[in-house]
Amino acid sequence: QTIVNVALPTIQRDLHFTQASLAWVIDAYLITFAGALLLAGRLGDLIGRKRVFLVGVALFTVASAACGAADTQALLIGARFAQGLGAALSSSVILAIIVADFPVPAERAKAMSSYILVAIGGGSLGLLVGGYVTQALSWHWIFFINLPIGIATFVLGTFLIDENAGLGIRAGLDVGGALLSTGGMMLAVYAIVTSTQYGWRSSHTLEFGAGAVVVLAVFVLLESRLRHPMMPLGVMR
């Protein structure tokens, strides 16, 4: 996220984005990432966390290649949507994988600390690397830099991550909850990220925000009535 922020002015000049359309380079990623996160985590429970993680890493890596090769606005924004989906699939199961693969509390604490260090450090490092890579090479390479990392992660993950026995799709597929949670979150994030263009009090922001509240309220109501909900409401206690 941060490596892309630094390169936005260069991307705007190269692909002739308007100021309004440029925001979609960031917003496209955020909408699919936030919208699919809950569903992706549930898929990890049903079909296996390792499988979901590796699919997410593969999708993110391929989408990064498409972003780097983009020569039109539509291709870059479309690839950013795919990148967000890949990031949601992979990141949604990381903590569950760590908990499962490190049953000893002391080892689990080390693994958690390493994960948090990389996650936080990456945000700061992205600002520095983004500026350097954009000036030294081009903005295309802020996406290509993901390729060796993604490939290495996929290969190492294939051999080192233990697969959990998923419950199976038939055991707990909550189709209604999946559609409502994903749709509601996407509406909410869309209302937030476009508020800078339309204003917080505009009819556009208020209508999409209200739509998100209604959809998510129906989601909560549905989850409270299901025997195998996608998000057990008991965790909120």
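Remember, it's a predicted structure, so these values are computed and weren't measured experimentally.

Caption draft 1: Highlighting the overall build of the protein chain. The number of helices and strands found in the protein chain is 13 helices and zero strands. Going from the N terminus to the C terminus, the protein chain shows its helices and strands as α-α-α-α-α-α-α-α-α-α-α-α-α. In terms of C-alpha radius of gyration, the protein chain reaches 19 Å, essentially the compact-globule figure of 18 Å for 237 residues. Projected onto the principal axes, the alpha-carbon positions of the protein chain cover approximately 55 × 50 × 30 Å. When the 237 residues of the protein chain are sorted by exposure, 38% land in the buried category. Put simply, of all contacts in the protein chain between residues at least 6 apart along the chain, 76% involve residues at least 24 apart. Entry remark: accessible area of the protein chain is about 12900 Å², with carbon and sulfur atoms responsible for 70%. Taking the average location of the 13 positive side-chain charges in the protein chain and that of its 11 negative ones, the two points are 7 Å from each other.

Thresholds applied
Residues numbered from 1 in each chain as written. Predicted model: local features only at pLDDT ≥ 70, side-chain atom pairs only at ≥ 80, totals over all residues. Heavy atoms only, no water. Helix = DSSP H or I, 4+ residues; strand = E, 2+ residues; numbered from the N terminus. Rg over C-alpha atoms; globule rule 2.2 N^0.38 Å. Buried < 20%, exposed > 50% of the residue type's maximum accessible area, 1.4 Å probe, protein only. Contact = heavy atoms within 4.5 Å. Areas by Shrake-Rupley, 256 points an atom, 1.4 Å probe, with all protein chains shown as cover. Lys, Arg positive; Asp, Glu negative; His and termini not counted. Charge placed at Lys NZ, Arg CZ, Asp CG, Glu CD.

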